Amino acid sequence: MKILKNTSTGILAAVSALLLITSSQAAERDWDQYLQRSLGPFSGQTSVLTLSAKTLETARASRELTPLLNIAQRHWDNLSPDTQALVAPWLARPTDSSNAWESKWRYKAGDTIAEYDTAHFRVHYVIATTEVYTGSESPLATTEFAAVVGGVLEEVYVREHTELGYQSLPTDGKLGGDERFDVYLVELRSRGLYGYVVSEGAASDPQRPYAAYSYMVLDNDFVNYGYTDATLPLKVTAAHEYFHAVQNGYSYQEDAAFMEQSATWMEDIVYPTIHDNYAYIGEPYEDVNGDGQYTSDLNGDGVSDDREPVLVDHNGNRVRDDGSQDWPELSLDAFDDVPVIQYGRFLWVRYLGERFGNDVVKSVWENAGSSSVSTFTSVDTILRTQNSSLSLAYQEYATWAYDKAKFSDGENYPLVWVDRTVSGINLDIASNDSPSLGNLRVSNSYSPHLHLSTIYTQILEPSGLYKFTVTNGAAALTMLVDTGSGVLTHEDVTLEGNVGYWQASAGTLKVIAVVSNIHASKNGMDWTLASTDKVDPPSKSKQDDRLMGLALFADPRRFPGAIFLCALIGLLVYRRRYPVRADNV
């Protein structure tokens, strides 16, 4: 089940997040253990998770196999033999007879296999089999459905290549029979999957040094996923998975979270009316308490009421399923630190597209494919051509996450999770007393404000002057000012050194303090936000402070003859510090 942050399962969430975040703060995650744990459901070692956002279960397992296989290939030499054995069957094409591992998704000896060809795709499917299957486990597909798949894929092709301008895929030669992109229809429903893509081999193209050619596997009929129309999950899966193949055509070595974010974003770009990806950001709700947090306990008696304040219940389970908007304190590149967070962060890519134009996303992939730098460096490089940067863009994205009206369809998004609501009178808060960061703290003295993550504080009835102080890390602060007009004013707080100030204007009802760690990789940021009655002067050296004291002492309004005394002392200090050389006499 998905984790509700304000219920008993939230305790499990905190523990899980602590374990995963602690490991993600290390130089490298233990991918061997991660893959062992994550591939279990797909390989039949644990119970299979149902996956549709339209059912009563979680969307946890839906399209996750692709990045897992990509991660496994990139870290293959560091995986244990057991993990390699777990991964290897998934890397083989369904038609690979050399792989004898028994599985429902593998084509079997005696199966009659057909192909349906379109201009750019070859769809492989089983039309007859000698084995006996029950219910939804049958691998059979009809020619009619294969034609539907081919038609959908051609729609995806036109949108992603012809209209958006992404480069054509590297060829696999004649694997699968010809140079068309190969798609295999198999029974994946029992494995908890919609489909997946495998980056099969390096592209033989010197202009694409990090590229790989791929193939795709899709479910054979898309029934029993909870949709009344089987073409809906087919369409968004095809758009999502095919974009993974496009990504591999640039570089298969990019950040796994960004690959999922941009593939999930592509679902809406190709099919803008389906919105299946809304399931990953969390279900919108009525903020009955006005605290920016979901609660089902309307009267505060500790018991969930019959009428829970859910505005959109995607799966009809009468429980609010949370998502990426509920975990802003986790890093932008978090991958499964809580379930599906990397999918819900498609809002980051949507921000990039709506703020700078969709071509900026393509430019990131082009830069990533032509250089050996990290994904974040590629993003930063492209944003600098737009008079922005990764740090500036991330902080602005963090403000959009709260001010949903900035997005073209933000009315369909849930509120981003507000860490706490405080009074603006005698305000004195710090990162080390943050409830959300407290769940991630690894010691009493360390603030785990992770890289590219945000904490939101709601300040009621703010008045006067506030001082923001950063004692560790790279910080940015924006105040979202609410005067009751229905439109939030975004006010960036400029830091001089490690200090910045913000003055509340008359008529301000509340303000949201958006505090972000804007560093691309460094975790840990300590900060305070407190009421103050004055702006401190810029910090000075001890010597400057001594000279300031001397100037006060020499004030002629306070001490008679001080002008002469000051001049005399000044001359002595000068001659002591700068002795006159004979050749200057």
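Residues numbered from 1 in each chain as written. Predicted model: local features only at pLDDT ≥ 70, side-chain atom pairs only at ≥ 80, totals over all residues. Heavy atoms only, no water.

**A short note on the overall build of the chain**
Reasoning step 1: Helix and strand content of the chain: 15 helices and 14 strands.
Reasoning step 2: Long-range contacts, defined as pairs at least 24 residues apart, comprise 71% of the intrachain contacts of the chain with a sequence gap of at least 6.
Reasoning step 3: With an accessible surface of roughly 25,500 Å², the chain has 52% of that area assigned to carbon and sulfur atoms. (Helix = DSSP H or I, 4+ residues; strand = E, 2+ residues; numbered from the N terminus. Contact = heavy atoms within 4.5 Å. Areas by Shrake-Rupley, 256 points an atom, 1.4 Å probe, with all protein chains shown as cover.)

**Notes on the pattern of salt bridges**
Oppositely charged side chains may form a pair once their charged atoms are brought near each other.
Reasoning step 1: If you walk through the whole model with that rule in mind, you get 19 salt bridges.
Reasoning step 2: Put simply, glutamate 396 and arginine 355 hold a salt bridge, and the shortest N to O gap is 2.8 Å. Note that glutamate 396 is positioned in helix H12 (residues 390-402) and arginine 355 in helix H9 (residues 346-356), a separation of 41 residues in sequence.
Reasoning step 3: Given a relative accessible area of 27%, glutamate 396 falls into the partly exposed group.
Reasoning step 4: Across the salt bridge formed by lysine 362 and glutamate 366, the nearest N and O atoms sit 3.5 Å from each other. In this pair, lysine 362 and glutamate 366 both sit in helix H10 (residues 359-370), 4 residues apart, roughly one turn of the helix.
Reasoning step 5: The network of salt bridges with shared partners includes Arg93, Asp172, Asp182 and Glu200. (Salt bridge = Lys/Arg side-chain N within 4 Å of Asp/Glu carboxyl O. Buried < 20%, exposed > 50% of the residue type's maximum accessible area, 1.4 Å probe, protein only.)

**Overview of helix H11 (residues 375-384)**
Reasoning step 1: Burial runs high along H11: 7 of the 10 residues are buried.
Reasoning step 2: Residues of H11 that are buried include every one of Thr375, Phe376, Ser378, Val379, Asp380, Ile382 and Leu383, and no others.
Reasoning step 3: Those residues of H11 hidden inside the fold are in contact with helix H7 (256-270), H9, H10 and H12.

**Overview of the packing of aromatic side chains**
Reasoning step 1: This model, assessed by the stated rule, comprises 31 aromatic pairs.
Reasoning step 2: Aromatic side chains phenylalanine 468 and tryptophan 527 sit 6.1 Å apart centroid to centroid with 45 degrees between the ring planes, which places their arrangement in the tilted category. In this pair, phenylalanine 468 sits in strand E9 (residues 465-472) while tryptophan 527 sits in strand E14 (residues 526-532), placing the two residues 59 residues apart along the sequence.
Reasoning step 3: A residue is classified by how much of its surface remains accessible, and phenylalanine 468, at 0% relative accessible area, is buried.
Reasoning step 4: Tryptophan 527 sits in the buried class, given a relative accessible area of 2%.
Reasoning step 5: Among the aromatic residues, those joined into a ring-pair cluster are Tyr278, Trp348, Tyr351, Phe356, Tyr394, Tyr397, Trp400, Phe407 and Tyr413. (Phe/Tyr/Trp six-rings, centres within 6.5 Å; stacked < 30°, edge-to-face > 60°.)

**A few points about the sheet that holds strand E10 (residues 475-482)**
Reasoning step 1: Pairing is mixed in the open sheet, where 5 strands are placed in the order E6-E8-E13-E10-E11. Sheet topology places strand E6 (420-423) and strand E11 (489-493) at the edges, where each strand pairs with a single neighbour. Mean inter-strand twist for the sheet, computed between neighbouring axes without regard to direction, equals 25 degrees.
Reasoning step 2: The pairing of E6 with strand E8 (residues 453-460) spans 4 bridges and is classified as parallel. Following the sheet pairing, serine 423 is matched in E8 by leucine 460. (Pairing = 2+ DSSP bridges. Axes fitted to C-alpha atoms, helices over the stretch in contact; angles between N-to-C directions.)

**Focus: the nonpolar core**
Reasoning step 1: If you look at the biggest cluster of nonpolar residues, it comprises 97 residues, and the most contacted ones within it are Tyr166, Leu185, Tyr196, Tyr242, Trp348 and Tyr351.
Reasoning step 2: Leaving out residues up to four positions away in the same chain, tyrosine 166 has contacts with Glu160, His161, Phe243, Val246, Tyr250, Trp265, Met266, Val361 and Lys362.
Reasoning step 3: Formed by 22 residues, the second largest nonpolar core is a distinct cluster that contains Tyr466, Val493, Val515 and Met525. (Core = buried A, V, L, I, M, F, W, Y, C linked by side-chain atoms within 4.5 Å.)

**Let's talk about the packing of H9 against H12**
Reasoning step 1: Look at H9 against H12: their axes get within 10 Å of each other, and the N-to-C directions meet at 105 degrees. Here H9 lies roughly perpendicular to H12, going by the angle between them. Where H9 abuts H12, its residues Leu347, Trp348, Tyr351, Glu354, Arg355 and Phe356 lie against Leu390, Ala393, Tyr394, Glu396, Tyr397 and Trp400.
Reasoning step 2: Across the contact of H9 with H12, the residue classes tally to 9 nonpolar, no polar and 3 charged. (Parallel < 35°, antiparallel > 145°, perpendicular 65-115°, else oblique. Nonpolar A, V, L, I, M, F, W, Y, C, P; charged D, E, K, R; others polar.)

**Regarding the packing of helix H6 (residues 231-250) against H10**
Reasoning step 1: Here H6 crosses H10 at 40 degrees, and the two axes come no closer than 8 Å. Taken together, H6 and H10 sit at an angle that is classed as oblique. Counting all contacts with H6, which are made through Phe243, Gln247 and Tyr250, the residues of H10 involved are Lys362, Trp365, Glu366 and Gly369.
Reasoning step 2: For the contact of H6 with H10, the residue count by class is 3 nonpolar, 2 polar and 2 charged.

**A few points about the sheet that holds strand E2 (residues 121-128)**
Sheet strands pair via backbone hydrogen bonds, and the direction of the pair is either parallel or antiparallel.
Reasoning step 1: Read from one edge to the other, the open sheet built from 5 strands follows the order E1-E2-E3-E5-E4, with strand pairing classed as mixed. Because the sheet does not close on itself, it has two edges, and the strands there are strand E1 (112-117) and strand E4 (195-202). Strand after strand, the sheet turns through a mean of 25 degrees between neighbouring axes, direction not considered.
Reasoning step 2: Pairing analysis gives 4 bridges linking strand E3 (residues 181-186) to strand E5 (residues 212-219), with the strands arranged parallel. Note that in E5 the partner of leucine 185 across the bridge is leucine 218.
Reasoning step 3: The sheet strands contacting helix H5 (residues 143-163) are E1, E2, E3 and E5, and the helix crosses E2 at an angle near 165 degrees.

**Some details on unusual backbone geometry**
Reasoning step 1: We note that phenylalanine 222 has phi near 55 degrees; this positive angle belongs to a residue other than glycine.
Reasoning step 2: Note on placement: phenylalanine 222 falls in the loop between E5 and H6.
Reasoning step 3: At leucine 452, a position not held by glycine, the phi torsion is positive, near 45 degrees.
Reasoning step 4: Note that leucine 452 resides in the loop between helix H13 (435-438) and E8.

**Some thoughts on H6**
Reasoning step 1: A rise of 1.5 Å per residue sets the reference length of H6, with its 20 residues, at 28 Å; its end C-alpha atoms lie 29 Å apart and thus fit the reference within 8%.
Reasoning step 2: Counting buried positions over the 20 residues of H6 gives 17, a clear majority of the element. (Expected span 1.5 Å × (residues − 1).)

**Description of the environment of threonine 66**
Reasoning step 1: Structurally, threonine 66 can be placed in helix H3 (residues 65-74).
Reasoning step 2: Relative accessible area serves as the criterion here: at 4%, threonine 66 is assigned to the buried category.
Reasoning step 3: Along the primary structure threonine 66 and valine 197 are separated by 131 residues, whereas in three dimensions their C-alpha atoms are 5.3 Å apart.
Reasoning step 4: Not counting residues up to four positions away in its chain, the partners in contact with threonine 66 are Tyr196, Val197, Glu241 and His244.
Reasoning step 5: At a separation of 2.7 Å, a polar atom in the side chain of threonine 66 contacts the side chain of glutamate 241. (Polar contact = N/O pair within 3.5 Å; in protein donor to acceptor, adjacent residues only side chain to side chain.)

**What about the side chain of aspartate 380?**
Reasoning step 1: Note that aspartate 380 resides in helix H11.
Reasoning step 2: Looking at aspartate 380, the relative accessible area reads 19%, which means it is buried.
Reasoning step 3: Among the polar contacts listed, one links the side chain of aspartate 380 to the backbone nitrogen of leucine 390, at a separation of 2.9 Å.

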